[in-house]
Every structure is written in C-alpha cells, then in structure tokens.
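Structural features, examined
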Amino acid sequence: MKNNATRTPALAAAGLALLIIAGCGALPDKPVRATLYDFGPGAATEASAAQPPAAALPTLALAEIESNTRLDGTQILYRLGYADANELRPYGQSRWSLPPAQLLRQRLRDALAERRTVLGPDESATLARAQGKVPDTLRISLDEFSHYFESAGSSVGLVRLRATLIRGGSGGDRVVGQRTFTVRRPAPSANAPGGVKALAAATDGVVAEVVQWVDQQPRP
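Small disclaimer: the values here were computed from a predicted structure and weren't measured. (Residues numbered from 1 in each chain as written. Predicted model: local features only at pLDDT ≥ 70, side-chain atom pairs only at ≥ 80, totals over all residues. Heavy atoms only, no water.)

**A closer look at the overall build of the protein chain**
To be explicit about the condition: Counting from the N terminus, the helices are the DSSP runs of H or I reaching at least four residues and the strands are the DSSP runs of E reaching at least two. With a 1.4 Å probe rolled over the protein chains alone, any residue whose accessible area is under 20% of its type maximum counts as buried; one over 50% counts as exposed, and the rest are partly exposed. The contact criterion used is simple: two residues touch if any of their non-hydrogen atoms lie within 4.5 Å. Under the convention used here, a 1.4 Å probe and the Shrake-Rupley method define accessible areas, while residue burial counts only the protein chains that appear.
A tally of helices and strands in the protein chain yields five helices and nine strands. The order of α-helices and β-strands along the protein chain, N terminus first, is α-β-α-β-β-β-β-α-β-α-β-β-β-α. Per-residue burial for the protein chain yields a buried fraction of 35% across its 220 residues. Of the contacts made within the protein chain by residues no fewer than 6 positions apart, 66% connect residues no fewer than 24 positions apart. Summing over all exposed atoms, the protein chain offers an accessible surface of approximately 13,200 Å²; the carbon and sulfur share of this is 53%.

Written as structure tokens, this is what we have:
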C-alpha cells in the first residue's frame, strides 16, 4: 500500500507534465508578417544623373491622385480574367508599403521633376497667394491597378488611369487636355512577387507616357 501511495503523486506529476507539453504543442503559431513591396529605387543611374538637364518647362502642380475605394488600401490585388474578371482578389501575405495611388504619385512626381518644378496642392496655393501665379494642375484618377491573369499560365500587370490637365485663368478653370492611359506588362511568375514586378514595370510605362503627353500640351 505504501509503494502504491508513493507512486500515485509521481504518476500524477508525470501525467500533468505530458498534458502541459501537449498543450504547448497546441498553441497557435506566431502570426506571419506580411511581405511589403514598393516599386523599387527607380531607374535613375549615375550616368543619367551626369547628363545635362533638359530645357526647363513651366511649373506644374500635381494634385493628390484619386482612386476607387478598392485601391485605397495596401492589398496587392489580382483578377482571374479567364474565370471572373469582375472579382478583385487580394494576395494573403503580401502588401504594398503604401496605397498604390501614393506609390504612383511618388513615381510620377519624380519623373516630372526631371524637367520642371513640381508643386503639391498646398505649395501651388501658396504660390498663387504670394505671386498671383497659378500653375497648371495635373489631376490623375487611378481606375485599375491589378495583377491580371489572362489564363492560368499567362498574366500581366495592368494599370489604367485618366489624366486631366487643368489651367486656371481670370475666367475660371478650363481643361487643356484629357486622356486615358492603359499599360500592360508581362508578369514573370503567377504569384504576388511576379505581380509586383509586372505592376512596377507597368507603372514606369504609364508614367513615361503621361510625362510625354503633359510635355506636348500647349504652354500657357
């Protein structure tokens, strides 16, 4: 009887230890942190920086870029065009570092600033008050920004936006020009990293087209 009484607490302790170990194994894993992406450092190089600047163009105000509510967040979105092109789906563990409209605006401002002074909305208003000068304003509406799957094995980065150049005057604002731009670039892989590369390339493509279009508009 004494031996049994001695074993009972020991067995109970061993059983409790096993339960604790088993319970620890059942604890949920740590949350997986989403991978953050942006468009990279840009295409500027020492060689391009050494080139003489292009002829200065008129100062331009760049408004904040508008986008639909689905693009306001940082999710990386894709569409299965061959299944249901109307459904936007998010990649689970991948995010943009900023909403696409903000990343696009940074890229566009940098490109425009290589040839002219580019002001934000507040800077433009300050200039108008101080000097009575109202620069042209470029407004951008971002309508599509997705990794688009044309088929299970073929996909592109798809960017579509509408650019409007507005000129102020004594008679009020008027539209100098307006155009819709759509650019596609092939994705190297059918996943979030491939979509990011394709969308970064498509963004650079559409930025180049917008800059060229703005430069061709009649000067004030």
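There's plenty left to go through after this.
**Considering the pairing of strand 2 (residues 57–62)**
Selection rule: The criterion for strand pairing is that DSSP finds at least two bridges linking the strands in question.
Note that strand 2 and strand 6 (residues 116–119) share three bridges and pair parallel. Paired with Leu-57 across the strands is Arg-116, a residue of strand 6. The sheet contact formed by strand 2 and strand 7 (residues 136–151) spans three bridges and is parallel. Its bridge partner being in strand 7, Leu-62 is matched across the sheet by Leu-138.

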